Amino acid sequence: MKKISEFFKAIGRYFKNFGVAFAKGDIWVKLSTVIMGAGYFARKQIVNGLIMLIVEAAFVLMCVGYAAPNLAKFGTLGTVKFEQVFDPLTMQTTTNNYDNSFQILLNSVVALFIILIFVLFYIHNIKTVYKLQQMKENGEHINTFKEDMKALFNEKFHITLLTLPTIGVVIMNILPILILIAVAFTNYDQQHLPPNSLFTWVGFKNFASLFSNSMTVTFGYSFRKVLGWTLVWAVMATFTTFIGGILLAKAINSKTTKLPKMWRTLFIISIAVPQFVTLLLVRNFFADSGIVNTICSNIGITDLLKHAGLVGEHLTYIPFLTDPHWAKVMIILINIWVGVPYQMLIATGVLMNIPTDQIESAKIDGATNFQVFWKITMPYILFIQGPALITDFVKNINNFNVIYLLTQDVFVTQNQALANSHAKEVDLLVTWLFRLTNEYYDYKMASVIGIIVFIICAAFTLISFSRMISGDKEEEYQ
């Protein structure tokens, strides 16, 4: 809460400084609110003034030629439907001047974003011109354009370095998120696919569908089931591979229990194998007619599980990836198999840097191996790998590969309520989202689910990082 309040205070100070600059600025500062380069011309920064004029002119042209036509239709997302008419005289098909709802939405979001960026740039310009006024009044040196360019490669080189990455983040991340949010408030689905059909705004109807339930609309039920499994999966997948990697690293590097060199070599080689290759092979191994089921049937394990009630009497195989309960357990176990070798390498590097004097002191004081591991080794590893652990948890919430490659075209849901919402018992939110878009073209509900995933990941990341980096814990390990 403290960081959030500081964030809003910073925004308040930003606009307060703009108000002070406008109120206390001279005639050139006030003129800059209309002609952006005026303040620079007055301070003999001709090139900067020309750049500001060009930016202002380009913005006006953008508003007239691009933003205005699209924003005029933004409220309805288009009203003219797609039509084709065949002319028997010319034997040609003519198409009317139709509206494309998605194109209108896309262009409008981009236009609004550009307007927002220009407003912030406009405010920054006024504050900069006011700063130039203060520098002149105080008799300070005002840089020329050449000196400003040199500064961008010296004391302000960080700005130069971050410019392109920032533009990339805006184009590749921020704009798609804004469009995703906008689509969540429309009825963009298979029945409303541009350009043949139009879609329009529906407000919070899609969100209501996701958190409610009825005989025909089962998104609420499906969302609760899929969200629950997603969180269980993320916790289990993160901590099982984490703990497994640490234990395996300790076993491999232990002076008392040395693993054969062949084992260590196999673990290291397994990291080099692409994950999707491993998952596809494992899926075939554990298929209903796969080699594992053949072995289990031959040695009597299948019959034993039938007597225990873990496998249906009518089955002649163990449904490793075709039964909901079996599939969830197998997915977690296979993920351990795939993920532990990588975690082992990371844990090995951390274990090699644990202060040996602390461990020796603990053993002299009579600590057991478990107490040393729990009180010294584990806290140290958590301190070092904590940020990576948070990243792994968020990554596992969005772990598309493991679930999709193991269950696609193999697992068929028997739950009709889930099937009505195009979900499966083994789906994560991200695989459900993918299926809604790729197979059923239900972009509106996929966008709502995407927003929920973003909120969950962002909230967890902010809370976890703020707690982990608070205080000075590094002194405990010095």
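Within every chain, residues take consecutive numbers counted from 1 along the sequence as written. Where totals are concerned, whole chains, interfaces and linings use all residues; where local detail is concerned, this predicted model gives features only for residues with pLDDT of at least 70, and gives and counts side-chain atom pairs only at 80 or more. With hydrogens and water stripped out, all remaining heavy atoms of the structure feed into the side-chain values.

A look at the overall build of the protein
How we decide: Put simply, DSSP marks the helices as runs of H or I at least four residues long and the strands as runs of E at least two long, and each gets a number from the N terminus on. The atom set for the radius of gyration is the C-alpha atoms, and the globule formula is 2.2 Å times the number of residues raised to the power 0.38. Values of accessible area rely on a 1.4 Å probe in the Shrake-Rupley scheme; residue burial ignores everything except the protein chains shown. When charges are counted, neither His nor the chain ends are considered; positive counts come from Lys and Arg and negative counts from Asp and Glu. Here the site of a charge means atom NZ of a Lys, CZ of an Arg, CG of an Asp or CD of a Glu.
Regarding its fold elements, the protein presents 20 helices and two strands. For 478 residues, the compact-globule estimate of 2.2 N^0.38 gives 23 Å, and the C-alpha radius of gyration of the protein, at 31 Å, exceeds that figure by more than 25%. Each of the three principal axes of the protein carries a C-alpha extent, and together these read 90 × 85 × 40 Å. Accessible surface computed for the protein: about 28100 Å², of which carbon and sulfur atoms make up 67%. Put simply, the protein has 36 plus and 29 minus side-chain charges, and the middle of one group is 5 Å from the middle of the other.

Considerations on the packing of helix α14 (residues 324–351) against helix α16 (residues 369–397)
Stated precisely, the cut-off is as follows: Convention adopted: a line fitted to C-alpha atoms gives each axis, helices being fitted over their contacting stretch, and angles between N-to-C directions are expressed from 0 to 180 degrees. Throughout, the term roughly parallel applies to angles under 35 degrees, roughly antiparallel to angles over 145, roughly perpendicular to angles from 65 to 115, and oblique to all others. It is the rotation of the near helix from the far one that decides the hand of a crossing: anticlockwise by less than a right angle makes it left-handed, clockwise makes it right-handed. The contact definition used throughout considers only heavy atoms, calling two residues in contact when any of these lie within 4.5 Å. The classification used treats Ala, Val, Leu, Ile, Met, Phe, Trp, Tyr, Cys and Pro as nonpolar, Asp, Glu, Lys and Arg as charged, and all other residues, Gly among them, as polar.
Contact geometry for α14 and α16: axes closest at 10 Å, N-to-C directions at 140°. As far as their axial angle goes, α16 and α14 are oblique. As for the relative orientation of α14 and α16, their crossing is right-handed in sense. Packed against α14, whose contacting residues are Q343, I346, A347, V350 and L351, the element α16 presents T377, Y380, I381, I384, Q385 and D392 at the interface. Looking at side-chain class alone, the contact of α14 with α16 contains seven nonpolar, three polar and one charged residues.

Considering the pairing of strand β1 (residues 84–87)
For clarity, the cut-off: Each pair of strands is called paired provided DSSP finds at least two bridges between the two strands.
Relative to strand β2 (residues 92–95), β1 runs antiparallel, the two being bridged by four bridges. Of the residues in β2, the one forming a bridge with Q84 is T95.

Brief notes about a nonpolar patch on the surface
This is how it is decided: Excluding any residue in a salt bridge, patches collect residues exceeding 30% relative accessible area, merging like charges within 9 Å and nonpolar Val, Leu, Ile, Met, Phe, Trp and Tyr side chains within 5 Å. Each salt bridge in this description consists of a side-chain nitrogen of Lys or Arg and a carboxyl oxygen of Asp or Glu lying within 4 Å of one another. Each residue is placed in one exposure class: buried if its accessible area under a 1.4 Å probe, protein chains only, is under 20% of its type's maximum, exposed if it is over 50%, and partly exposed if it falls in between.
Together, I27, W28, L31, V34, I35, F41, I46, L50 and L53 make up an exposed nonpolar region whose accessible area comes to about 780 Å². Elements with a minimum of two residues in the nonpolar patch: α2 (27–31) and α4 (46–71). Tracing the backbone through its elements, the reader meets L50 in helix α4. Residue classification places L50 among the partly exposed residues on the basis of a relative accessible area of 44%.

Section: the pattern of salt bridges
If you walk through the whole model with that rule in mind, you get seven salt bridges. Linking K73 and D99 is a salt bridge whose minimum nitrogen-to-oxygen distance equals 2.9 Å. You can see K73 sitting in the loop between α4 and β1 and its partner D99 sitting in the loop between β2 and α5 (101–137), a full 26 residues away along the chain. We classify D99 as buried; its relative accessible area is 5%. A salt bridge links K444 to D442; the shortest N-O distance between them is 3.0 Å. A relative accessible area of 14% means that K444 is categorised as buried. Taken together, the shared-partner salt bridges connect D189, D442 and K444 into one network.

Quick notes on the packing of aromatic side chains
In plain terms, the rule: Pairs were defined over the aromatic rings of Phe, Tyr and Trp, the Trp ring being its six-membered one, requiring ring centres within 6.5 Å. Orientation was assigned from the angle between planes: stacked under 30 degrees, edge-to-face over 60, tilted for the rest.
Taken as a whole and assessed by the stated rule, the structure comprises 21 aromatic pairs. A centroid spacing of 5.9 Å and a plane angle of 25° characterise the contact between F219 and W432, whose relative ring orientation is stacked. Of this pair, F219 sits in helix α9 (residues 219–253) while W432 sits in helix α19 (residues 429–438), and the two are 213 residues apart along the sequence. Accessibility assignment for this pair places F219 and W432 in one class, buried. Pairing F393 with F460 gives two aromatic rings, centres 4.3 Å apart and planes at 40°, and the pair type is tilted. One end of the pair, F393, is in helix α16; the other, F460, is in helix α20 (residues 443–468), and 67 residues separate them in sequence. The class for F393 is buried, based on a relative accessible area of 10%. According to the relative accessible area criterion, F460 is partly exposed, its value standing at 29%.

Re unusual backbone geometry
With an omega dihedral of 0°, the bond running from P194 to P195 counts as a cis peptide bond. Take P195: it is sitting in the loop between α7 (157–183) and α8 (205–210). In this model, K44 sits at a positive phi of 65°, which is unusual for a non-glycine residue. Accessibility expressed as a relative area gives 74% for K44, which makes it exposed.

Quick notes on the environment of I246
Locating I246 in the fold gives a position in helix α9. Spatially, the C-alpha atom of I246 lies 5.4 Å from that of A347, the residues being 101 residues apart in sequence. In this structure I246 touches A347, L351, F373, M378 and I381, once residues within four positions along its chain are discounted.

Considerations on the nonpolar core
One recurring pattern in soluble globular proteins: nonpolar side chains tend to sit buried together. As a reminder, the rule being used: In these notes, a set of buried Ala, Val, Leu, Ile, Met, Phe, Trp, Tyr and Cys residues joined through side-chain atoms within 4.5 Å is what counts as a nonpolar core.
If you look at the biggest cluster of nonpolar residues, it comprises 27 residues, and the most contacted ones within it are W233, F286, I318, F320, I331 and I334. Those elements giving two or more residues to this core turn out to be α9, α11 (275–285), α14 and α17 (400–407). Setting aside residues no more than four positions away along its own chain, F286 makes contact with V292, N293, F320, L321, M330, I334 and W337.

Thoughts on the side chain of Q133
Note the threshold: Think of a polar contact as two N or O atoms within 3.5 Å of one another; within protein, one of them needs to be a possible hydrogen donor and the other a possible acceptor, and neighboring residues in sequence only count if both atoms come from side chains.
By secondary structure assignment, the location of Q133 is in helix α5. Here the side chain of Q133 touches E137 through a polar contact of 3.0 Å, side chain to side chain. With residues up to four places along the chain from it excluded, the contact list for Q133 reads K24, G25, D26, V29 and R43.

Re the confidence of the model for the protein
How we decide: Note on scores: pLDDT gives the predictor's confidence for each residue, bounded by 0 and 100.
Across the protein, the average pLDDT comes to 84, with 91% of residues at or above 70. Element-level mean pLDDT values for the protein span from 60 in helix α10 (residues 261–272) up to 93 in α4.

Quick look at the environment of F373
By the element assignment, F373 lies in helix α16. Given a relative accessible area of 13%, F373 falls into the buried group. Between the C-alpha atom of F373 and that of I318, which follows or precedes it by 55 residues, the distance is 38 Å. Setting aside anything within four residues of it in sequence, one finds F373 in contact with I246, L247, K250, M378 and P379.

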